[in-house]
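Close look at the chain arrangement
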Amino acid sequence: MCAILQYPPELLFTICEYIYAAGLPPSEYASSLDPLAIGEFGAPTALPSSMPPPNWSEPEARKTLSHLCLVNHAWYEAAKPWLWHKLEVRLPRSWLALLDEITTDTEDDEKAALAVKESIQAATHAALASSAVRTGASSDEDAARKWKESIMESLSGPDGSIPPELLTPPASRDSSPRRIRPKSKSPARWKIMRTISDAVQNVMDLTEPGVYVPRLHDPRPGRFVRHLDFNHFRTIGMRRSVEDTATSRFVTGERVEAFLKELPNLTAFGATEYMDGALSLPVLNELLLRGSASRGGGRPTRGRGIVTEDPEEEDRERRRECKALQAMDLTGCVSAVFVSALTEFVNTHLLQEDEQSSGSDDESRRQIRRARARFMQEEPLTFPGLQRLGLRGVKSIQPRILMPFVLAFPSLTHLDLSATRVAPELLTALRGSTVRLHSLALARCVHLTGSCIRDFLVHASAAARIRELTLYGDQTFPSPLTTDDLMEIISSAPCFTSGELTYLDLSSAPVTKELLVDVCKPQPKLRSLGLSYIPDLELNVIAQFLKSKAVNVEVLTLVQTSPDLDWGRVGPGAPRGSAQQAMMALHTQIIGPLCTPPYMSTLRSQAVVIPPYPTRLRVIELSAPALAALGAGAASWRIIRSKGGRGWYVDTASGWVGTGLQRNLPKAHPFRVQMCRLADANGNVNSGIGWHARKMEVLHGCGMLGREDGLYGAVSFAYQG
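Worth saying up front: this structure is predicted, and the values here are computed from it rather than measured.

Calculation criteria
- Residues numbered from 1 in each chain as written.
- Predicted model: local features only at pLDDT ≥ 70, side-chain atom pairs only at ≥ 80, totals over all residues.
- Heavy atoms only, no water.
- Helix = DSSP H or I, 4+ residues; strand = E, 2+ residues; numbered from the N terminus.
- Buried < 20%, exposed > 50% of the residue type's maximum accessible area, 1.4 Å probe, protein only.
- Areas by Shrake-Rupley, 256 points an atom, 1.4 Å probe, with all protein chains shown as cover.
- Phe/Tyr/Trp six-rings, centres within 6.5 Å; stacked < 30°, edge-to-face > 60°.
- Lys NZ or Arg CZ within 6 Å of the ring centre and 35° of its normal.
- Pairing = 2+ DSSP bridges.
- Contact = heavy atoms within 4.5 Å.
- Polar contact = N/O pair within 3.5 Å; in protein donor to acceptor, adjacent residues only side chain to side chain.
- Salt bridge = Lys/Arg side-chain N within 4 Å of Asp/Glu carboxyl O.
- pLDDT = per-residue confidence, 0-100.
- Arc of directions from axis to C-beta.
- Axes fitted to C-alpha atoms, helices over the stretch in contact; angles between N-to-C directions.
- Parallel < 35°, antiparallel > 145°, perpendicular 65-115°, else oblique.
- Left-handed = near helix turned anticlockwise from the far one by under 90°.
- Nonpolar A, V, L, I, M, F, W, Y, C, P; charged D, E, K, R; others polar.

Here we come to the overall build of the protein chain. Helices and strands together make up the secondary structure of the protein chain, namely 26 helices and 18 strands. Evaluated residue by residue, the protein chain yields a buried proportion of 52% over its 721 residues. Of the roughly 33300 Å² of accessible surface on the protein chain, a fraction of 54% belongs to carbon and sulfur atoms.

Shown next as structure tokens:
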């Protein structure tokens, strides 16, 4: 223990940082595409890795950090920031506990006075320590008293931002009931500490010039939080009546706003439909109007900066010192409160003069709007810090609001607009923006046309570096692309001709044999391919494409695709022989040629060199009738169902083990046991089980190859649409 105490704090902090990083998912390049295995399986020797798992589970990493907090005070100080680094709100009571721990009542003068007293005392100790390091003299009570008096004198000046009543202890104040004083709002805790730190440094500069006093830090853990999401938040099963749900909400706009004000370093925020009623205008202001939000040219928002609804300069000053948000996921947020708040936010900060203003507005208000419109036209408000934006399923936002909102983020690399009202004008505007996308999702966008998608992918510099692209459509909302559109995209779009695609979904698009075999360039990095709802595409054409141009594809979706799988489209009214013929076609045209090595004779005496497998295909998604026709599967191929309506035909004996993709794993191998356990569960699994996600992972930046659970996982792997 004595040896541990001698380690520098920076080393302990770095150790805890590595422990926290061990619980994070790998990047899209190092992902194994398989569900995370829970257990003691050792450390992976290379990435991707299915077994051993590529990372710890988050509870395991959090448990390790919490145990380190119990070693001694040094380890506690090193591990505490990483325990608070990521917050996932799961239960209502845990949300209320977080509020009590992080937020404080700024209206309570006694609490504010206590915070001032504690801060002054901490600043005095820091100043004495800095002075002792230089002079070598030990501090005593008299020196501490003198330092405290000097700090109090500096804070009591006419320009002090701390009210005089907060500089005196509560017991010494006049408590006469006859004198009624209006209750004023106490300054925020961050401002109190900054003011005291400046006062201490000023006193030190006067007495001992050149000595630096470390700045005070907020004792509450809000400054450590970088990630906040409500992905797992539920109120279902709490036996609450409809009236309680409507009038006694746990997650309210006021609470979320107060919580966000205490998180100056927040960089990732995720919301869901279970709490979107709390996404009010003040909450959106706290999320977006912080950090490096600027009006053109990247200049900080000082002086004539952002025009906000909040009239208090204190909030604007506090937001300028916060870090800008980097990732925001608003999947499924459709409540009237959120729609109204986002509409007002866009109208206030992003749009020019409202031409639909009522005639009852006086002339002064109209002049203010015209001045603001001219200013916005010269220097539009942008948010250069945000790089990843998820808007999947935000169906209630009108195109005139959605377009300026998306265009306000010039540094986007991940954009999910699936199932929204995105209009062709937005893709046209993105062609001239500074956006450089790596991952783009335009699934089930009913307002888009084939020509606008074609022009964007072929000509826009924003789409030249795309590595993950989904244009998914189904029978309800088919793809708007025509054969000519798809021909030009596959032959001329930079993301196709570069061969850098790792994820591609062209479900319901008019894909033909000519496009796949003759036109399409080789895709050596493609790992997950979606070709569902293409009834006229034959299986042998798909097999030829994978074998010649996309040998590294591991996951393939064939839901209601190909006349050879006619059982999936005809349904239970077809004769029994059709199901057997469809499954025979699947094994003879896809699994046999692509997943088994070429035949070779072993009668010769010389050493046998096993030829490589033709492709890496090991997971095939099929429709529910097709999966039912497969029964219990064949050999190592088993059916694994998600928590919802999707299902996959999986080679349980194939996975990333050791230094590469291994096939024919023994029955006792941990990975094969894990896959067989998922198959035996028959859909009784968590929401994060599945392959070929339909939703983009934006909070960690893993894109379409990322893995999520909770409500985000259900959207990715469980829902059919």
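Back to the write-up after that little detour.
This part is about the packing of aromatic side chains. The tally for this structure, following the rule as stated, stands at 12 aromatic pairs. Geometrically, the ring pair formed by Trp637 and Tyr649 is tilted, given 5.4 Å between the ring centres and 40° between the ring planes. One end of the pair, Trp637, is in strand E15 (residues 637-641); the other, Tyr649, is in strand E16 (residues 647-651), and 12 residues separate them in sequence. Look at Trp637 and you get buried, because its relative accessible area is 6%. For the ring pair Trp648 and Trp691, a centre distance of 5.7 Å and an interplane angle of 70° mean the geometry is edge-to-face. Note that Trp648 is positioned in strand E16 and Trp691 in the loop between helix H25 (670-681) and helix H26 (710-718), a separation of 43 residues in sequence. As far as burial versus exposure is concerned, Trp648 and Trp691 are alike and both buried. These aromatic residues form a ring-pair network of at least three members: Trp95, Phe230, Phe233, Phe259 and Phe269. One Lys or Arg, Arg663, reaches over the ring of Tyr613 and ends 5.1 Å from the middle of that ring. The ring of Tyr712 has Lys695 lying over it, and the distance from NZ or CZ to the ring centre is 4.4 Å.

In terms of strand pairing, E15 meets E16 through five bridges, oriented antiparallel. Across the sheet, Arg638 pairs through a bridge with Val650, a residue of E16. Counting the residues between successive antiparallel strands, the hairpin from E15 to E16 contains five residues.

The residue Ser280 is located in the loop between strand E3 (268-270) and helix H11 (281-288) in this model. Taking the relative accessible area as the measure of exposure, Ser280 reaches 18% and is therefore buried.

Tracing the backbone through its elements, the reader meets Thr103 in the loop between helix H5 (92-102) and helix H6 (109-135). Spatially, the C-alpha atom of Thr103 lies 6.7 Å from that of Ala258, the residues being 155 residues apart in sequence. Excluding its chain neighbours within four sequence positions, the residues that come into contact with Thr103 are Leu98, Arg220, Ala258, Phe259 and Glu262. Polar side-chain contacts of Thr103 include one of 2.4 Å to the backbone oxygen of Leu99.

Right, let's get into the side chain of His414. Structurally, His414 is set in strand E8 (residues 414-416). Residue class for His414 comes out buried when judged on its relative accessible area of 6%. At 2.9 Å, the side chain of His414 forms a polar contact with the side chain of Thr413. Sequence-distant contacts of His414, that is, excluding residues within four places in its chain, are made with Gln387, Arg388, Leu389, Leu437, Ser439, Met696, Gly701 and Gly703.

By the definition in use, this model includes 21 salt bridges. A salt bridge links Glu621 to Arg694; the nearest nitrogen and oxygen atoms lie 3.6 Å apart. In this pair, Glu621 is assigned in strand E14 (residues 619-621) and Arg694 in the loop between H25 and H26, connecting sequence segments 73 residues apart. Comparing Glu621 with Arg694 shows no difference in burial state: the two are buried.

Turning to the pairing of E16, a few remarks are in order. Within E16, five of the five residues are buried, leaving the element largely enclosed by the surrounding structure. Every second residue of E16 is oriented toward a common face, with Gly647, Tyr649 and Asp651 on one face and Trp648 and Val650 on the other, all of them buried.

Time to look at the confidence of the model for the protein chain. A low pLDDT means the predicted coordinates there should not be read in detail. Here the protein chain averages 82 in pLDDT, while 73% of its residues score no lower than 70. Contacts of residues 172-186 to residues separated by more than four positions or lying in other chains number 18 contacts, the stretch itself having pLDDT below 50. The low-confidence segment residues 294-311 (pLDDT under 50) makes 45 contacts with residues lying over four places distant or belonging to another chain.

On to H5, then. Turning to H5, its buried residues are Pro92, Trp95, Leu96, Leu98, Leu99 and Ile102. Down the axis of H5, the sector holding all buried residues measures 155°, keeping them to one side. Facing away from the buried side of H5 by over 90 degrees, the exposed positions are Arg93 and Asp100.

Attention now moves to the packing of helix H2 (residues 9-22) against helix H3 (residues 58-68). Between H2 and H3, the least distance of the axes is 8 Å, while the angle of their chain directions is 160°. Relative to H3, the element H2 is oriented roughly antiparallel. The crossing of H2 and H3 is left-handed. Here Cys16, Ile19 and Tyr20 of H2 lie close against H3, whose contacting residues are Ala61, Thr64, Leu65 and Leu68. The residue makeup of the contact of H2 with H3, split by class, is six nonpolar, one polar and no charged.

Another point: unusual backbone geometry. The peptide bond linking Leu47 to Pro48 adopts the cis configuration, its omega dihedral lying at 5°. By secondary structure assignment, the location of Pro48 is in the loop between H2 and H3. Cis geometry marks the peptide bond from Met51 to Pro52, where omega comes out at 0°. For Ala419, which is not glycine, the phi dihedral falls at a positive 60°. Looking at the secondary structure, you find Ala419 in the loop between E8 and helix H16 (424-430). Of note in this structure, Tyr533 is not a glycine but carries a positive phi near 55°. Inspection of the secondary structure assignment puts Tyr533 in the loop between strand E12 (528-530) and helix H21 (539-549).

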